[in-house]
Amino acid sequence: MKHLDEVVLVPDLAGTAVFAIEGANAAVHAGLDLLGVLVLSSIVALGGGMIRDLLIGALPPSAVRDWRYPALAFISGLFAFLFHTQVATLSPLLLTTLDAAGLALFAVAGAQKALDFRINPFIATLMGTVTGCGGGLVRDVLLVRVPMVLVTDIYASAALLGAAVVVVGKRLGCPPVVTAVIGGGACFALRIAAVRFGWQLPKIKMA
Amino acid sequence: MKHLDEVVLVPDLAGTAVFAIEGANAAVHAGLDLLGVLVLSSIVALGGGMIRDLLIGALPPSAVRDWRYPALAFISGLFAFLFHTQVATLSPLLLTTLDAAGLALFAVAGAQKALDFRINPFIATLMGTVTGCGGGLVRDVLLVRVPMVLVTDIYASAALLGAAVVVVGKRLGCPPVVTAVIGGGACFALRIAAVRFGWQLPKIKMA
Amino acid sequence: MKHLDEVVLVPDLAGTAVFAIEGANAAVHAGLDLLGVLVLSSIVALGGGMIRDLLIGALPPSAVRDWRYPALAFISGLFAFLFHTQVATLSPLLLTTLDAAGLALFAVAGAQKALDFRINPFIATLMGTVTGCGGGLVRDVLLVRVPMVLVTDIYASAALLGAAVVVVGKRLGCPPVVTAVIGGGACFALRIAAVRFGWQLPKIKMA
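Treat the numbers as computed from the prediction; the structure is a model and nothing was measured. (Residues numbered from 1 in each chain as written. Chains lettered and ligands numbered in written order. Predicted model: local features only at pLDDT ≥ 70, side-chain atom pairs only at ≥ 80, totals over all residues. Heavy atoms only, no water.)

Visitor: Even after reading the chapter, I still don't get the nonpolar core, so can you show me in this structure?
Guide: Generally speaking, a soluble globular protein has its nonpolar side chains buried in company with each other. Counting 180 residues, the largest nonpolar core has F19 and L103 of chain A, F19 and L103 of chain B together with F19 and L103 of chain C as the members making the most contacts within it. Non-local contacts of L103 of chain A, meaning those with residues more than four positions away in its chain, are made with F19, G132, C133, Y155, A158, A159, C187 and R191 of chain A. (Core = buried A, V, L, I, M, F, W, Y, C linked by side-chain atoms within 4.5 Å. Buried < 20%, exposed > 50% of the residue type's maximum accessible area, 1.4 Å probe, protein only. Contact = heavy atoms within 4.5 Å.)

Visitor: Would you take a moment to explain helix α7 (residues 121-142) of chain C for this structure?
Guide: Side chains of residues three or four places apart in an α-helix project in the same direction, reflecting 3.6 residues per turn. All names here are of chain C. The end-to-end C-alpha distance of α7, which contains 22 residues, comes to 31 Å, matching closely the 32 Å that a straight helix rising 1.5 Å per residue would cover. Of all the bends in α7, the greatest, near 45 degrees, is centred on C133. In terms of burial, α7 is largely enclosed, as 18 of its 22 residues are buried. V144 lies just past α7 and shows a positive phi near 55 degrees. (Helix = DSSP H or I, 4+ residues; strand = E, 2+ residues; numbered from the N terminus. Expected span 1.5 Å × (residues − 1). Bend = angle between axes of the 7 residues up to and from the residue.)

Visitor: Would you take a moment to explain the interface of chain C and chain A for this structure?
Guide: Frequently, the measure chosen for interface size is the accessible area removed from exposure when the parts meet. Each side of the interface is counted separately: chain C has 29 residues, and chain A has 28 residues. For the pair chain C and chain A, the summed buried area comes to about 2,300 Å², and 80% of that belongs to carbon and sulfur atoms. The interface formed by chain C and chain A contains 0 salt bridges. For the pair chain C and chain A, the number of links is 2 residue pairs in polar contact (both at pLDDT 80 or more). Taken together, the elements giving at least two residues each to the side of chain C that touches chain A come down to α2 (34-56), α7, α8 (148-151) and α9 (156-171) of chain C. A per-element tally of the side of chain C that touches chain A places α7 of chain C first, with 6 residues. (Buried area = accessible area lost by both parts, 1.4 Å probe. Salt bridge = Lys/Arg side-chain N within 4 Å of Asp/Glu carboxyl O. Polar contact = N/O pair within 3.5 Å; in protein donor to acceptor, adjacent residues only side chain to side chain.)

Visitor: Which parts of the structure should I look at to understand a nonpolar patch on the surface?
Guide: There is a patch of nonpolar side chains on the surface, built from L78, F79, L82 and F83 of chain A and spanning about 380 Å² of accessible area. In this structure, F83 of chain A sits in the loop between α4 (68-82) and α5 (84-88). (Patch = residues over 30% accessible without salt bridge, like charges linked within 9 Å, V, L, I, M, F, W, Y side chains within 5 Å. Areas by Shrake-Rupley, 256 points an atom, 1.4 Å probe, with all protein chains shown as cover.)

Visitor: Looking at this structure, I do not really get the relation of the copies chain A and chain B. What am I missing?
Guide: Both copies of the chain are related by a screw-like operation: a rotation about an axis and a shift along it. Aligned on chain B, chain A shows an RMSD of 0.0 Å; the corresponding rotation is 120 degrees and the shift along the axis is 0.0 Å. What we have between these two chains is a three-fold relation. Minimal C-alpha separation from the rotation axis in chain A is found for V144 of chain A, amounting to 3.6 Å. (Least-squares fit on C-alpha atoms with pLDDT ≥ 70 in both.)

Visitor: What am I meant to see in the environment of S41 of chain B here?
Guide: Residues and elements named next belong to chain B. By secondary structure assignment, the location of S41 is in helix α2 (residues 34-56). Using a relative accessible area of 0% as the deciding quantity, one classes S41 as buried. Along the primary structure S41 and P70 are separated by 29 residues, whereas in three dimensions their C-alpha atoms are 9.5 Å apart. Excluding its chain neighbours within four sequence positions, the residues that come into contact with S41 are A20, G23, A24, A73 and G77. Separated by 2.8 Å, the side chain of S41 and the backbone oxygen of V37 make a polar contact.

Visitor: Would you mind showing me how to read the UniProt feature "domain: Glycine transporter" (unreviewed entry) in chain A here?
Guide: Sequence positions flagged by UniProt for "domain: Glycine transporter" (unreviewed entry) are, in local numbering, residues 10-84 and 97-169 of chain A. Helix makes up 84% of residues 10-84 of chain A and strand makes up 0%, while its end C-alpha atoms are separated by 26 Å. (UniProt positions renumbered as here; feature names shortened; annotations may be inferred.)

Visitor: What is the right way to look at the interface of chain A and chain B in this model?
Guide: Listed by partner, the interface residues are 29 residues for chain A and 28 residues for chain B. Carbon and sulfur atoms supply 80% of the area that chain A and chain B bury against each other, a total of about 2,300 Å² over both sides. On inspection of chain A and its partner chain B, the count reaches 2 residue pairs in polar contact (both at pLDDT 80 or more). Counting residues per element, the ones that place at least two in the side of chain A that touches chain B are α2 (34-56), α7 (121-142), α8 (148-151) and α9 (156-171) of chain A. Broken down by element, the residue count for the side of chain A that touches chain B peaks at 6 residues, all from α7 of chain A. Of the residues in the side of chain A that touches chain B, the class split is 23 nonpolar, 4 polar and 2 charged. (Nonpolar A, V, L, I, M, F, W, Y, C, P; charged D, E, K, R; others polar.)

Visitor: Hey, could you run me through the relation of the copies chain C and chain A in this one?
Guide: After a rotation of 120 degrees and a shift along the axis of 0.0 Å, chain C superposes on chain A with an RMSD of 0.0 Å. An overlap of only 14% is found between the interface residues of chain C and their copies at the interface of chain A, pointing to separate contact surfaces.

Visitor: Looking at this model, I keep getting lost on the pattern of salt bridges. Mind explaining?
Guide: Once their charged atoms are close, side chains differing in charge can pair, the charge on each being opposite to the other. Residue and element names in this part refer to chain A. Following the criterion strictly, the structure yields 15 salt bridges over all chains and no others. Between D53 and R52 there is a salt bridge, with the nearest N and O atoms lying 2.9 Å from each other. Note on accessibility: D53 and R52 belong to one class, buried. A cluster of three or more residues bridged by salt bridges with shared partners is formed by R52, D53 and K113.

Visitor: How do you make sense of the UniProt feature "transmembrane region" (unreviewed entry) in chain A when you look at a structure like this?
Guide: Residue and element names in this part refer to chain A. UniProt's entry tags residues 34-55, 67-84, 90-110, 122-142, 148-169 and 176-199 with the feature "transmembrane region" (unreviewed entry), counted in the numbering of this structure. As a span, residues 148-169 carries 82% helix and 0% strand, and end to end its C-alpha atoms are 30 Å apart. Taken as a whole, residues 176-199 contains 92% helix and 0% strand, while its terminal C-alpha atoms sit 30 Å from one another.

Visitor: Whenever I open this one, the state of the cysteines confuses me. Can you help?
Guide: Disulfide: a covalent bond connecting the sulfur atoms of a pair of cysteines. Within this structure, the stated rule accounts for 0 disulfides over all chains. The closest cysteine sulfur to the non-disulfide-bonded C174 of chain A is located on C187 of chain A, 18 Å from its own sulfur. (Disulfide = S-S within 2.5 Å.)

Visitor: I keep staring at helix α6 (residues 92-116) of chain B and nothing clicks. Help me out?
Guide: For α6 of chain B, with 25 residues, the first-to-last C-alpha span of 36 Å sits near the 36 Å given by 1.5 Å per residue. R118 of chain B sits one or two positions beyond α6 of chain B and adopts a positive phi of about 60 degrees.

Visitor: What is the right way to look at the packing of aromatic side chains in this model?
Guide: The description of an aromatic ring pair rests on the distance of the ring centres and on the angle between the ring planes. A complete count under the given rule lists 12 aromatic pairs over all chains for this structure. The interplanar angle of 90 degrees and the centroid separation of 6.1 Å between the aromatic rings of F74 of chain A and F122 of chain C together place this pair among those described as edge-to-face. You can see F74 of chain A sitting in helix α4 and its partner F122 of chain C sitting in helix α7, one on each of two chains. Given a relative accessible area of 25%, F74 of chain A falls into the partly exposed group. Centroid distance F197 of chain C to W199 of chain C: 5.8 Å. Interplanar angle 25 degrees. Geometry classified as stacked. Of the residues examined, W199 of chain C reaches a relative accessible area of 39% and is grouped as partly exposed. (Phe/Tyr/Trp six-rings, centres within 6.5 Å; stacked < 30°, edge-to-face > 60°.)

Visitor: I'm lost on the environment of L38 of chain A in this one. Help?
Guide: All names here are of chain A. Mapped onto the elements, L38 comes out in helix α2. The class of L38 is buried, set by a relative accessible area of 17%. Spatially, the C-alpha atoms of L38 and G23 are 8.4 Å apart, while their sequence positions differ by 15 residues. Residues contacting L38, with those up to four places away along its chain left out, are F74, G77 and L78.

Visitor: How do you make sense of unusual backbone geometry when you look at a structure like this?
Guide: Note: most residues except glycine have negative phi, and most peptide bonds are trans. All names here are of chain A. With omega at -10 degrees, the peptide bond leading from L59 into P60 counts as cis. Tracing the chain through its elements places P60 in the loop between α2 and α3 (62-65). With phi around 60 degrees, R118 is a residue other than glycine that occupies positive phi space. Tracing the sequence through the fold places R118 in the loop between α6 (92-116) and α7.

Take a look at the structure:
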């Protein structure tokens, strides 16, 4: 069990730092004050995992049980607030790459944790997707805009793919670390390719 | 207990299909992509029940424990996406009738489930209302508009009536199936009458 | 334990009444109907505590387990609806003072309850803040505006201070009633001083 925990813990903490910086960046652009920046960092970084933990009944959620999660989110958010000038000069490509990495880490860790809690494989795949996309969705709700994940190019679909690899890999008896690497890689690659080549999901054109 | 479970399961699944189609319809009109449509279907169909289950401590929620709920929501949402042209030609009257049926099914199933979890009768009535209205409320939040249920003609009030019949019926020792039918009928009739005759709840007119 | 319960119960109920009246007031101004007013009263009054209870795993939340919470929120909301003319004539200063009192009561009660549930001290401080600010945040989301707490003068920071006093006081072995009074007083004083003197948290000015 200890081994499995760490399969979840390391990507979860890495994703937390990346998403917290993104959240802080969005908050600074939206004109929030220091506390608003820290709240938004925490929500983007921890929101997806908290929703997953509530839904799979893992209470209190990791982010409440383990002080390292909120502490890391705060420190990352404070860092992005203090060095906002430098963060603003980062290339969009780098930010997209980091975001794709965070998405991959969370999707994989979320699906793995749901499986550890004996959640049905189909739903464990959805829980991985929720872990990856939940924080950004709540961010957009708080900033009063239609959640990006619902309208944008392939984003949640990439998380779905990464989570599905973890779930199918477990069925096939692969070691968790292997499926985590393959699943995370697939999610990351699909997300980056979608941005690079402008792939979109079908949409209905209303007359 | 098996009998009681089915009293909840059948209306819950029927309401799920109806609300998922409505959610997909709203998502198509809001210009969301295929994944956004499936997410919104699921949220409208499953959101109210998930909020109820979180609040009464029935974890994981039915929609996470039982893969039939999300599978049904996805299939219904996909159906409405593929046949959006046909769905768009449905008469408003038919849509209102189906929605009132879904509301009645959820209000009754929600109150019954809260009672099964030994929730106080007053609060079980509120939980039935939350089950009926929660999904639509989250839909409106995601589409960035003031939740219809807070401003519109008699909607949550109809759910409240249906849930109250179930709760009072249990107090009087009526069989659950009987109170479910009467409660659902009362909710449906009040909702349809409110739309037909333009009934409204009182509002304060600000000068 | 009974004593500790009451340390939480009394300020929790007092804060509930104050916040319900505020919620009703906001709902009347936003043009909601009677049911919308009661829903918003309940959310402002009970939302913060419900989020806290979900996150610390105290299920079902107090507001679901104990009918006095929603009943008090409804009665306070109904009162503010019926006497909206009188409520509208209350001075802004009085409303700010009552709100600061509600914030102080909730922050202190929330931190104390989290400690009672053996939550880590750092996170118990955050839970006190969530209890104080959560209801208002959900209110703003439902009324489709950026949550005041994220952009305004010192508000959540005052709740953070009050909660921190309770948590540190417990570490130092002070009796709960004493730390509750000091923590609540500190939160109240900081909030009132921030409004009076126009104190703000730092914000990044975007070019």
